[in-house]
There are 4 protein chains.
Amino acid sequence: MSIDLESLYRDLHRHPELSFQETRTAGVIVRHLTELGLEVEEGVGRTGVVTVVHGSAPGEGPVVWLRADMDALPVEERTGLDYASTARGVDPSGTEVPVMHACGHDMHVAALLGAVERLVATREEWSGTVVAVFQPAEEYGAGSRAMISDGVLERYPKADIVLGQHVTPLPAGIVGVRPGTQMAASDGLSVVLHGRGGHGSRPQATIDPVVMAAATVMRLQTIVSRETDPRDVAVVTVGSIHAGLKNNIIPAEAKLELSLRYPDDEARDRVLEKVERIVRAEAMASGAEQTPTISTDHTLPPTINDEDATARVTAAFERSFGQDSVVDPGMFTGSEDVSWFARDAGAPLVFWFWGGVDPQAYAEAEAAGTLERDIPTNHSPFFAPVLQPTLSRGVDNLVVAAREFLG
Amino acid sequence: MSIDLESLYRDLHRHPELSFQETRTAGVIVRHLTELGLEVEEGVGRTGVVTVVHGSAPGEGPVVWLRADMDALPVEERTGLDYASTARGVDPSGTEVPVMHACGHDMHVAALLGAVERLVATREEWSGTVVAVFQPAEEYGAGSRAMISDGVLERYPKADIVLGQHVTPLPAGIVGVRPGTQMAASDGLSVVLHGRGGHGSRPQATIDPVVMAAATVMRLQTIVSRETDPRDVAVVTVGSIHAGLKNNIIPAEAKLELSLRYPDDEARDRVLEKVERIVRAEAMASGAEQTPTISTDHTLPPTINDEDATARVTAAFERSFGQDSVVDPGMFTGSEDVSWFARDAGAPLVFWFWGGVDPQAYAEAEAAGTLERDIPTNHSPFFAPVLQPTLSRGVDNLVVAAREFLG
Amino acid sequence: MSIDLESLYRDLHRHPELSFQETRTAGVIVRHLTELGLEVEEGVGRTGVVTVVHGSAPGEGPVVWLRADMDALPVEERTGLDYASTARGVDPSGTEVPVMHACGHDMHVAALLGAVERLVATREEWSGTVVAVFQPAEEYGAGSRAMISDGVLERYPKADIVLGQHVTPLPAGIVGVRPGTQMAASDGLSVVLHGRGGHGSRPQATIDPVVMAAATVMRLQTIVSRETDPRDVAVVTVGSIHAGLKNNIIPAEAKLELSLRYPDDEARDRVLEKVERIVRAEAMASGAEQTPTISTDHTLPPTINDEDATARVTAAFERSFGQDSVVDPGMFTGSEDVSWFARDAGAPLVFWFWGGVDPQAYAEAEAAGTLERDIPTNHSPFFAPVLQPTLSRGVDNLVVAAREFLG
Amino acid sequence: MSIDLESLYRDLHRHPELSFQETRTAGVIVRHLTELGLEVEEGVGRTGVVTVVHGSAPGEGPVVWLRADMDALPVEERTGLDYASTARGVDPSGTEVPVMHACGHDMHVAALLGAVERLVATREEWSGTVVAVFQPAEEYGAGSRAMISDGVLERYPKADIVLGQHVTPLPAGIVGVRPGTQMAASDGLSVVLHGRGGHGSRPQATIDPVVMAAATVMRLQTIVSRETDPRDVAVVTVGSIHAGLKNNIIPAEAKLELSLRYPDDEARDRVLEKVERIVRAEAMASGAEQTPTISTDHTLPPTINDEDATARVTAAFERSFGQDSVVDPGMFTGSEDVSWFARDAGAPLVFWFWGGVDPQAYAEAEAAGTLERDIPTNHSPFFAPVLQPTLSRGVDNLVVAAREFLG
């Protein structure tokens, strides 16, 4: 029996699920792993799935954790694919939203399922233990912590190495990996600005939280533009702003959601302090009677690739795919919660990117200098990896990297 | 039989309904008017109610239209009253929202029901015709137009005078009325700013609509602060701003809802042109690939009181309530759609305000210079007229003003 | 002997002098007054000039103060007049600046000289005393206080009435006057924002005062747009902003100069407090290590016309010039320091405006709705009253108003 | 005869001169070079100085250009040094300004004079030709181009290598050099925003350039914060903003001076286009009747160190000063015009930094994490290299690097 990975991928793409709601996805995973004869645990960290594959000599050899994330995003798909999503879901605030696999986690799941199948099929060739982790809620930065809180580190063999991967707008066929900081640290903040509501025709009787929010957003720009060394990486994004229900009622408060990025914890402290300073001062400038409420929704550590393990994986990739197919993609400003598995286990991590863009389209856009404009990036409503060779390379990557350690 | 107006008011207050959804309210109105022996038409302009009361000599004498509005607002009541609303409704976007009579239209309905009852009881004393109009959706600025489109002007006796009133944060016992412009003209605009979405960690691949919206809000302030004669009335309120679903996704667009106020049509043209200029230019400053979408949700004319008719009503009020109880409240920057009934009928209008604040609390706040802070204004979650004498004076106002014309 | 007023006016226009530097102007005034046989005091309040004219019965009758201001502005004239100024002066900061009579004080001086001449010529017809005051530094709001500090109120007959006038963009031939508040109160503030300087390529090592200043200017707009009753008059103008000497040095501080306007002292307190709140909070938002320095450069009271005296002057104007030539110009948002003479003397004040625009040009611009654009206003580099009938009417106004009290 | 370099340095420090006004400085240089028996050309590129030193075999061996810049800055010195500057100068706009060697060019001049002296003294030990270039107006980014326009490349032996150095806030004793991009490219822009002037109390009759400028400054922040890859270097500094002369006159225009930085020409094109887009759009948002005037004051190329030559210099430094004394300082966001000499000559360039901070003070500030705050950086009014070993190391650097090529 062999999984039809392509059809499975299209099915997952058509049925995306929001973070911590990946129950149908988990069902698909469990069914296939069970068909492979594996024991599977479901509901780990709410909706996660874990299975274990033993090599030729059970109990011996290294323990390799392979991790894929499963969740989708509140984005309305516009790819025009025949397997495009039309799904809708309900977000944590109770609002119905469109849902799309706009970050390629469906590809991650399919690739890990394919890798598990291949490792099962070749288990006589290698020794050691593979722990395959299908993690929920990466997009909330909360899924790995949820699985750890649920005891996944205690209940499963302790990792000697943690491996993970992400599909990205590189040309299909290319894998990108670098030692050291591979992805930024990140915090998600919620800020509630407290004004005073009233009638839209009588602003003088109110403290207008819309203006307070607008001034705050403009001022937050200066953290990156003026207060950060131009050579350092920092991002302050206000991804969401919400206030008011009606044009003629000045609302009582405004809510901002911020995503912050930095290369390390020192920069984190610095940026968080600046955000707080600006948010508070802008509320003062408005004459707010109540200090803004600032809360941290999630904290993601930097994704730091172990030097030695990364050198081994890189060399293995170069042997398998050719030196030209392996690049240093530079540090990414995106963030990941895969690190918690490695950090808490005290194990090294190697996390890499692999390409999903039609190589010819990529080359043309690069030549035209229109990469940013023409190649949809993760989280875009147009994000759509080409199915092949992306999928088969996703499987190969995991198998090659795992076998580097499993022999 | 006599209506228990106070209990009826409390019932209405407890069961507020959003614009064009005032079906329960209409039911309560119809039941009471029917008990008075009147013929009643329901569903006029979707949810409006109309009845006619004839005086001593049917068909003779002037026709007086008395108008009350019925709808409530998406505001979460915080008055702490034992008859406070806990109602929820669904707004036009499909979002569930709290609902509250935060503008006192429940008081308007109760007062008009009381006035109709008294006019019925005294119909032998006066001649002419009273058309009592319970209008929906004043808050959308759409209800009077809806009733007119539904033929209310053709199906009912043509008005010789249109009268209406609004409860307001003046001391209970006081009525405020002035000739000329009593309330501002107003437009409600929707603005959609089109950016380009993407991942929160890669702003350079996006056109950030949150920043575009913030810059637009800040710039819109200058219409009033720099481009309007300081002696003129103009208001540019951004009552609602919405963009994004998640901190780490930069959304593709932002939506603003604006409420604009002006004393006349000339100022209207000027302000609308400035809003459009700024909105477009700020999109250009962001490098937007698509021009913002600006649409007018509603247009309210200025509420202009007829000089002669207002003089008559003012004199009648002074005779009935004493000269000290009648004040010139100045022009209000709020707006009303009552004017359409008068404008389209070619009839004069008199629209007045009456007080709903405990006189002692008002006097104390005035002495302390804290009126704005301490006395909740219309649309506030704390707006709560004192039940009496507000309610009985609401009835008296209508009867006194109507009888001025009916004899 | 008779003054050639037109040539005198052109001479003054060609030789404007900045505030407290009006020495040449004073010389011209003194020479002409002396030729009229009057005793003249020069150097009152640094550069002011005062003379006294007695009527038929010295020591009897009322004392009328007639006041004209003398100073010009740092504006580069662009009128294209053959008597246009090309003068330059040195402002208080030591900077060389162009100088222009962009506010018409040259017209005020010429008109008062003409009026004095006529009153001297007709002194047998009237009784009482005229004190003619040529005041310096009205533009700094400092000249009347300087003359008062110099003892002008003690050294000259106590005023029974203070009269003054200002040329304005009304049609020539029109005089505008109203009882009550005629001009706004005003404060001039200096704000120094303290940042930290450094190299333009290393903003992170600095606290950028240019950004601090820009954010402050944007936020100050909200005092008028959001925090003032739309029916009230308030103006917050940042007339000057200065920071930095070179593109690649981030300066250590920025200086703003603000002009504030309000109808009364209560509004003054409110606006000043808001300005201070915003300036301080924006410095905090920048992380400034030092609180901004805010100082008041001058304070001008509201110019309030006495009800009774204004009624008399208005009636006299109507008799002399015809009812159509006298209008209520509304309250002006500009400010004046003439009030101090009346306030400190406990005398009533009447201050009026008279037109200096070619009536046909005015009518055409009014018809086209382009008054603001086409008719240069005071302080504009294009401000240029038509010589006649502006000048002769300026003389007439003073004589008519003075004779109303002098008989 | 030997130059007393320390006293010469203090003299230069006490007598700083603005760009293209370095005549006294040139005089000091010429006197000392002449005393060394060299032929000297003065007035090259207005105020530059050039001399040539021949080694043991005239006409043979490589040609090494050593370049020092000479000009000072309009900064008011606050170092408290006993040789601090109290000088004042007149900048190109005619304004008198304080002047200070706030960028250490006095140290560059002294070090090059010392190096020339040593090379003269040891000329028997080496072969080749040294061209010592004392360049004016580096701070305007104009001096090297002025010397080139004046024919310096044609009149002097063609360079085989161009060497230069800059004193910087590294610990004294440390030299920093890296292959590839060592300093950013830069443009200096002037922007004039055209509004319409008028009286400060009548903003509605004006187009306020102060608000236009403030909005522009706030929006320009987004080029770095939103439109630049967080991993790329870009700086947009508004170093100077000037508008208005008086609080109650709204001026007709505002002037901004911008300093822009980028690592390469591609980024330059991108940023310049964004600046222009924002400046134009913000003028539109203000309703400006005239498009802003944008002009480029200077353009500096990136300072790119030749790979091979830099490797040689680095190795020479390590041999002479010890490996611990040579660091890779990273790319600097500051800019230089030294490159033009190398670019136009087709010769490789090596440009390095050397430290001028007391090592103990540096170590303490580093430990406390207060480097940015406690160690004055170039262009700060507190910038003051410790005299020694900074000066002697400045001489050594040049001699060691030159001898690497001269043998």
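These lines cover the structure that appears in this document, whether it is placed above or below. (Residues numbered from 1 in each chain as written. Chains lettered and ligands numbered in written order. Predicted model: local features only at pLDDT ≥ 70, side-chain atom pairs only at ≥ 80, totals over all residues. Heavy atoms only, no water.)

Attention now goes to helix H6 (residues 209–225) of chain D. Residue and element names in this part refer to chain D. Here H6 contains 17 residues, and its C-alpha end-to-end distance of 25 Å stays within 8% of the 24 Å for a straight helix at 1.5 Å per residue. Summarising burial for H6: 17 of the 17 residues are buried, a large majority. Here H6 starts with a cap whose side-chain oxygen sits 2.8 Å from the backbone nitrogen of valine 210, and that cap is aspartate 208. (Helix = DSSP H or I, 4+ residues; strand = E, 2+ residues; numbered from the N terminus. Expected span 1.5 Å × (residues − 1). Buried < 20%, exposed > 50% of the residue type's maximum accessible area, 1.4 Å probe, protein only. Polar contact = N/O pair within 3.5 Å; in protein donor to acceptor, adjacent residues only side chain to side chain.)

Take helix H12 (residues 390–406) of chain D next. All names here are of chain D. Given a rise of 1.5 Å per residue, 17 residues ought to cover 24 Å, and the 24 Å separating the end C-alpha atoms of H12 matches this to within 8%. Counting buried positions along H12 yields 13 of 17 residues, so the element is predominantly enclosed. Count one or two residues on from H12 and you reach glycine 407, which has phi positive near 85°.

A word on the packing of aromatic side chains. Across all of its chains, the model carries 24 aromatic pairs over all chains by this definition. When the ring of phenylalanine 317 of chain B is compared with that of tryptophan 352 of chain B, the centres are 5.2 Å apart and the planes differ by 80°; the resulting orientation is edge-to-face. Here tryptophan 352 of chain B lies in strand S18 (residues 349–357) and phenylalanine 317 of chain B lies in helix H8 (residues 307–321), a separation of 35 residues in the sequence. Tryptophan 352 of chain B matches phenylalanine 317 of chain B in its accessibility class, with the two residues each being buried. Both rings, one in tyrosine 9 of chain C and one in tyrosine 83 of chain C, keep their centres 6.1 Å apart while their planes meet at 70°; by these two values the pair is edge-to-face. Linking tyrosine 9 of chain C in helix H1 (residues 5–14) with tyrosine 83 of chain C in the loop between strand S3 (63–69) and strand S4 (88–90), this pair joins segments that are 74 residues apart in sequence. Owing to a relative accessible area of 1%, tyrosine 9 of chain C belongs among the buried residues under this scheme. Owing to a relative accessible area of 7%, tyrosine 83 of chain C belongs among the buried residues under this scheme. One aromatic cluster is present, formed by Phe317, Phe321 and Trp352 of chain A through successive ring pairs. The ring of phenylalanine 20 of chain B has arginine 46 of chain B lying over it, and the distance from NZ or CZ to the ring centre is 4.1 Å. Sitting over the ring of phenylalanine 332 of chain C, arginine 231 of chain B keeps its end group 5.9 Å from the ring centre. (Phe/Tyr/Trp six-rings, centres within 6.5 Å; stacked < 30°, edge-to-face > 60°. Lys NZ or Arg CZ within 6 Å of the ring centre and 35° of its normal.)

Now for the interface of chain D and chain A. Each side of the interface is counted separately: chain D has 20 residues, and chain A has 19 residues. Between chain D and chain A lies a buried interface of about 1500 Å² when both sides are counted; carbon and sulfur atoms form 56% of it. Three residues, Arg226, Pro230 and Arg231 of chain D, lead the burial of chain D against chain A; their summed loss comes to 36% of the area buried on that side. Taken together, chain D and chain A are joined by zero salt bridges. Linking chain D with chain A are eight residue pairs in polar contact (both at pLDDT 80 or more). Of all elements in the fold, only H6 and strand S12 (235–243) of chain D reach the threshold of two or more residues within the side of chain D that touches chain A. The biggest single contributor to the side of chain D that touches chain A is H6 of chain D, with six residues. Considered class by class, the residues forming the side of chain D that touches chain A number 10 nonpolar, six polar and four charged. (Contact = heavy atoms within 4.5 Å. Buried area = accessible area lost by both parts, 1.4 Å probe. Salt bridge = Lys/Arg side-chain N within 4 Å of Asp/Glu carboxyl O. Nonpolar A, V, L, I, M, F, W, Y, C, P; charged D, E, K, R; others polar.)

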